[in-house]
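Okay, here's what each chain looks like letter by letter:
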Protein chains: 2
Amino acid sequence: MVKVLIVDDHPLFAEGIKAMFKPEDGIEVVAHTINGNAIPAILDGEKIDVILMDIDMPALDGIACMELLNLKGYQTPVLMLTMHQSIKQIKSALEKGAQGYILKDASKAELVQAITETSNGRNYFHHKINDQIFNYFRNKKPSMTGAQVLSEREKEIIKCVADGLNTKAISAKLFISEHTVKTHRRNIMHKLQVKTSPELIKLAMENGII
Amino acid sequence: MVKVLIVDDHPLFAEGIKAMFKPEDGIEVVAHTINGNAIPAILDGEKIDVILMDIDMPALDGIACMELLNLKGYQTPVLMLTMHQSIKQIKSALEKGAQGYILKDASKAELVQAITETSNGRNYFHHKINDQIFNYFRNKKPSMTGAQVLSEREKEIIKCVADGLNTKAISAKLFISEHTVKTHRRNIMHKLQVKTSPELIKLAMENGII
DNA sequence: TTGCTAATACCTCTTTAGTGGTATGAAAGG
DNA sequence: CCTTTCATACCACTAAAGAGGTATTAGCAA
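- As annotated in an unreviewed UniProt entry, chain A carries the name Two-component system nitrate/nitrite response regulator NarL and is attributed to Flavobacterium arsenatis.

Remarks on the pattern of salt bridges
Residues and elements named next belong to chain A.
- Tallied over the full model, the rule gives 14 salt bridges over all chains.
- In this structure, Asp25 and Lys108 form a salt bridge, with 2.9 Å as the shortest nitrogen-oxygen distance. Highlighted residues: Asp25 in the loop between α1 (11-20) and β2 (27-33) and Lys108 in helix α5 (residues 108-119), separated in sequence by 83 residues.
- For Lys108, a relative accessible area of 15% corresponds to the buried category.

What to know about the relation of the copies chain B and chain A
- When chain B is brought onto chain A, the operation consists of a screw motion whose angular component is 180° and whose axial shift is 0.9 Å, with 1.2 Å RMSD remaining. Here the symmetry operator amounts to a two-fold rotation axis.
- The fraction of interface residues of chain B whose copies in chain A are also interface residues reaches 100%, indicating that both copies meet through the same surface.

So, the packing of aromatic side chains
- Tallied over the entire structure, the rule returns one aromatic pair over all chains.
- Summarising the aromatic geometry, the rings of A:Phe13 and B:Phe13 are spaced 6.3 Å apart at their centres and angled 20° between planes, so their arrangement reads as stacked. Of this pair, A:Phe13 sits in helix α1 while B:Phe13 sits in helix α1 (residues 11-20), each in a different chain. With respect to class, A:Phe13 is no different from B:Phe13; both count as buried.

Some remarks on the protein's contact with DNA strand D
- Every one of the 19 residues lining DNA strand D counts as a neighbour, but A:Arg186, B:Ser151, B:Arg153, B:Ser177 and B:Thr180 are closest to it.
- For DNA strand D, the fraction of protein-proximal atoms (within 4 Å) that sit in sugar or phosphate groups is 60%.
- A:Arg186 places a polar side-chain atom, nitrogen or oxygen, 2.5 Å from a base nitrogen of DNA strand D.
- B:Thr183 places a polar side-chain atom, nitrogen or oxygen, 3.5 Å from a base nitrogen of DNA strand D.
- If you list the elements that add at least two residues to the surface near DNA strand D, you get α9 (178-192) of chain A together with α9 (178-192) of chain B.
- Here the surface near DNA strand D gets five residues from one element, more than from any other, and that element is α9(B).

Some details on the nonpolar core
- Counting 45 residues, the largest nonpolar core has A:Leu111 and B:Leu111 as its most contacted members.
- No other element matches α1(A), which puts six residues into this core.
- In this view, B:Leu111 contacts A:Leu12, B:Ile17, B:Met20, B:Phe21, B:Leu52, B:Leu79 and B:Ile102; residues no more than four positions away in its chain are not counted.
- Residues A:Ile170, A:Ile188, A:Val194 and B:Val181 belong to the second largest nonpolar core, which totals 38 residues.

A look at the UniProt feature "modified residue: 4-aspartylphosphate" (unreviewed entry) in chain A
Residues and elements named next belong to chain A.
- If you check UniProt for "modified residue: 4-aspartylphosphate" (unreviewed entry), the listed places come out as Asp54 in our numbering.
- With respect to the element layout, Asp54 can be found in strand β3 (residues 50-54).
- A relative accessible area of 1% places Asp54 in the buried class.
- Not counting chain neighbours up to four residues away, the residues in contact with Asp54 comprise Val7, Asp8, Asp9, Gly62, Leu81, Thr82 and Lys104.

Overview of the environment of A:Ile39
Residue and element names in this part refer to chain A.
- Here Ile39 shows up in helix α2 (residues 39-45).
- With 34 residues separating them in the primary sequence, Ile39 and Leu5 have C-alpha atoms 8.6 Å apart.
- Apart from residues lying up to four places away in sequence, Ile39 is in contact with Leu5, Val7, Thr33, Ile51, Met53, Cys65 and Leu69.

Regarding unusual backbone geometry
- One non-glycine residue with positive phi stands out, namely A:Phe175, at about 60°.
- Looking at the secondary structure, you find A:Phe175 in the loop between α8 (167-174) and α9.
- Taking the relative accessible area as the measure of exposure, A:Phe175 reaches 75% and is therefore exposed.
- Even without a glycine there, the phi angle at B:Gln193 is positive, about 55°.
- Residue classification places B:Gln193 among the exposed residues on the basis of a relative accessible area of 55%.

The rules behind the values
Residues numbered from 1 in each chain as written. Chains lettered and ligands numbered in written order. Predicted model: local features only at pLDDT ≥ 70, side-chain atom pairs only at ≥ 80, totals over all residues. Heavy atoms only, no water. Salt bridge = Lys/Arg side-chain N within 4 Å of Asp/Glu carboxyl O. Helix = DSSP H or I, 4+ residues; strand = E, 2+ residues; numbered from the N terminus. Buried < 20%, exposed > 50% of the residue type's maximum accessible area, 1.4 Å probe, protein only. Least-squares fit on C-alpha atoms with pLDDT ≥ 70 in both. Contact = heavy atoms within 4.5 Å. Phe/Tyr/Trp six-rings, centres within 6.5 Å; stacked < 30°, edge-to-face > 60°. Near = heavy atom within 4 Å. Polar contact = N/O pair within 3.5 Å; in protein donor to acceptor, adjacent residues only side chain to side chain. Core = buried A, V, L, I, M, F, W, Y, C linked by side-chain atoms within 4.5 Å. UniProt positions renumbered as here; feature names shortened; annotations may be inferred.

Structure representation (structure tokens):
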């Protein structure tokens, strides 16, 4: 029986998943938390074979949870669960050592397979994810790889732009010169390889910068 | 026993909910569909007390499903289920006659209560939703109320802008004059009461237009 | 020390966005 | 029949963004 810990901020979802598994599936949800910080305590308290982790969580998201686990040296396989097939999330998850990645629109059979695979130390990626990864390496768009190289100041500028402020207003708000704001904006656009501000905002929102 | 039809495009979620209800809850999921167009056939085929409907669906979304049901004269109570506490969605749902509105981050107990209430012809609104409605009537911000008044063409233009196309590129893509695109953009900005395109994209993404 | 980067600031120039209008044909609805 | 809405198109003007540079300061790390 594979023992699963669910990390998800939606109680309904977690309870649903828990109730879904029948003994014949060989999977049992033994714990659930909405708080990433609670994971170590749970792992220390009982045997967990697989962590089923939602990526989209308000405070401590799935990626941050992975970092926490890595930092503390836990080796429990993690299966990432998400609504979105965002390449940034997929990439982050892979980098942090996630064992698998599955979409919330998967079927129960797929989830069972995913958990079984990851519990055995193998990797599992939903077929839709494979397509995404394929596309990514094809286009080699830095898309949001660049998000990681954005400085705090740059992110601050992006938020201002998203709020409808123009360069002058941003300079006034942040107490810096208009020229500086322009330079920042230019650097941002270059880093993220977008040509217009609207596109920048779309990219930023898709990747959680805003 | 309250008989429930689930309309949701995520099989995992639907299966989870279905498995979650125990006999003592007095609720039974008797049908599930991912296709809104299939609802009438299901309602005609068996007795359904409550429709548990996801709002965020790709093709025919929850609001559109409600319209379909209204059009065909079905009176089955509908409990809307959603991830987002978007005032636009709430408002639309209310207008279309939804009996209740609950968030996906509700607990099982809340869902049971919500289904029970709606099956008895009463209204149910999640407490977080109440807060939203309160805020809405307080601020009376047109924010995304305006989304409803956007024409299809206008939404198309917004998507182009979000993809980084400028006015000229949009005109070429849609085979219309640059002047026309400018007029559309101006109308959009006015309707949504934003002053810059980046702000427009932020608003559009927050409200599911993109 | 040397090298790298973030944050700051300035200049010039071209392109685009944004704002003020007006107008027409088609379709939808009262 | 009339009104409204949508999509279309045009003109003229101002404001802003975008693209090409260069440069100084502070801090951090190899």
